[in-house]
Amino acid sequence: MKLVSILQEFLVKKTKNGVPEKTIIRDKMKELKAEISEIEKHAQSVRVFEKVESLPEFQAAKTVLIYWSMPDELPTHNFIVKWSRQKQMLLPIVKGNDMFVKPFSTKDQMVQGAYGIWEPDAQREFIQKVDLVIVPGIAFDKQKNRLGRGKGYYDRYFTNGRVQKWGVCFDFQLMNKIPAEPFDIKMDKVITSSFTVE
C-alpha cells in the first residue's frame, strides 16, 4: 500500500498548468539538444570522458557497461571503441520491460534493436560482475538524481545489485533540482564537461 500511495502522490504532482514537471523538463531538454552543434557535442564528450579516464574507479574497472549514444545523447562511440581494446565494454539491450547486457566487440557487429537503439549482435548475454555503469539521462541534478526517458529500464537493472553508477551528460542537462521519488535510484557521480558531482 505504501508504494501505491507514493505512486499516487507522484501522479498528482503537476505544475499549475496541469503538465507534470518531468514532462516540462523532458520537453525543454529536447529543445536544448536540438540547438547544440555537432562540434560542441564532440567537444563536451571529449572533456567528459577525459575526466572519466582520470578516475581510479574507471582505471581499476575490468567491465564497463555504457550506452551506445543516440544522436541526442552525449557521444560515446569513440570512447567505447578506444577502451574495448583494454576492458570488456558492455552495452544494454531491451527485451520487453527489462534491460540486459551484451559484450561489445566491434562497430561492424552491431544491429538495430528496440526503439532504434544499436546493440551488439552477440548471441550470449553477459551475466558476470559489472564493475562500473556509465548512464545516460534526460537530466540530472546536484543531488545526483536522474531523470530518464520514463521507461524505468535502468532503475530495474540497478535493483539487481550494488554497482558504481555514473551519470554523464551535457552541461545544460545538470539542473539544481529535478523531481525525484523515494524509489528513484541515485547516481554515485554525475559528470559533465564543466562539473563533477560526487
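One structure accompanies this document, and this report is about it. (Residues numbered from 1 in each chain as written. Predicted model: local features only at pLDDT ≥ 70, side-chain atom pairs only at ≥ 80, totals over all residues. Heavy atoms only, no water.)

It is worth spelling out the nonpolar core at this point. Judged by nonpolar contacts, the single largest core of 44 residues is most densely connected at Phe49, Val52, Ile66, Phe79, Val133 and Ile134. Membership of the second largest hydrophobic core comes to 6 residues, among which are Met29, Ile138, Ala139 and Leu147. (Core = buried A, V, L, I, M, F, W, Y, C linked by side-chain atoms within 4.5 Å. Buried < 20%, exposed > 50% of the residue type's maximum accessible area, 1.4 Å probe, protein only.)

With that out of the way, let us pick up the pattern of salt bridges. Working definition: two side chains of opposite charge can pair if their charged atoms are close together. By the definition in use, this model includes 13 salt bridges. Put simply, Lys41 and Glu38 hold a salt bridge, and the shortest N to O gap is 3.2 Å. Taken together, the residues span about one helical turn, with Lys41 and Glu38 both in helix H3 (residues 38-54) at a distance of 3 residues. The class for Lys41 is buried, based on a relative accessible area of 7%. Lys82 is the partner of Glu53 in a salt bridge, and the nearest nitrogen-oxygen pair spans 2.9 Å. Separated by 29 residues along the polypeptide, Glu53 in helix H3 and Lys82 in helix H5 (residues 77-83) bring together distant segments of the chain. Its relative accessible area of 38% is what places Lys82 among the partly exposed residues. Here the salt bridges do not stand alone but share partners, grouping Lys33, Asp72, Glu73 and Arg149 into one network. (Salt bridge = Lys/Arg side-chain N within 4 Å of Asp/Glu carboxyl O. Helix = DSSP H or I, 4+ residues; strand = E, 2+ residues; numbered from the N terminus.)

Let us now look at helix H2 (residues 21-35). Here H2 is 15 residues long and its end C-alpha atoms lie 22 Å apart, about the 21 Å a rise of 1.5 Å per residue gives. Every buried residue belonging to H2 is among Lys22, Ile25, Met29 and Lys33, and all of these are buried. Mapping the buried residues of H2 onto a view down its axis gives an arc of 70°, with all of them on the same face. Turned more than 90 degrees away from the buried face of H2, the exposed residues are Lys30, Ala34 and Glu35. (Expected span 1.5 Å × (residues − 1). Arc of directions from axis to C-beta.)

Before going further, it helps to spend a moment on H3. End to end, H3 covers 25 Å across 17 residues, agreeing with the expected 24 Å (1.5 Å per residue, within 8%). Residues Lys41, Gln44, Ser45, Val48, Phe49, Val52 and Glu53 constitute the buried set of H3. On its buried face, H3 sits against helix H4 (56-60), H5, strand S6 (132-135), strand S9 (164-168) and strand S11 (189-191). (Contact = heavy atoms within 4.5 Å.)

What follows covers the packing of aromatic side chains. Under the counting rule described, the total for this entry stands at 7 aromatic pairs. With 4.9 Å between their ring centres and 90° between their planes, Phe58 and Trp83 make a pair best called edge-to-face. A residue pair is termed long-range when its members are at least 10 positions apart, and Phe58 in helix H4 and Trp83 in helix H5 qualify at 25 residues. Its relative accessible area of 14% is what places Trp83 among the buried residues. For the ring pair Trp68 and Phe104, a centre distance of 5.7 Å and an interplane angle of 25° mean the geometry is stacked. Note that Trp68 is positioned in the loop between strand S1 (63-65) and H5 and Phe104 in the loop between strand S3 (98-103) and strand S4 (110-112), a separation of 36 residues in sequence. Taken as a pair, Trp68 and Phe104 share a single burial class, namely buried. In this structure an aromatic cluster arises from ring pairing among Phe49, Phe58, Phe79 and Trp83. Against the face of Phe58 rests Lys87, its NZ or CZ located 4.7 Å from the ring centre. (Phe/Tyr/Trp six-rings, centres within 6.5 Å; stacked < 30°, edge-to-face > 60°. Lys NZ or Arg CZ within 6 Å of the ring centre and 35° of its normal.)

Turning our attention to the sheet that holds strand S2 (residues 88-95). An order of S3-S2-S1-S6-S9-S11-S12 is seen for the 7 strands of this open sheet, with the pairing classed as mixed. What marks the edges here is a single partner per strand, and that holds for S3 and strand S12 (196-197). (Pairing = 2+ DSSP bridges.)

As a further point, take the sheet that holds strand S7 (residues 139-141). Overall, mixed pairing links the 3 strands, which are arranged S8-S7-S10 in an open sheet. Unpaired on one side and paired on the other, strand S8 (146-147) and strand S10 (174-175) mark the two borders of the sheet. Two strands pair when backbone bridges link them, and S7 and S8 are joined in this way by 2 bridges, in the antiparallel orientation. Within S8, the position partnered with Ala139 by the bridge is Leu147.

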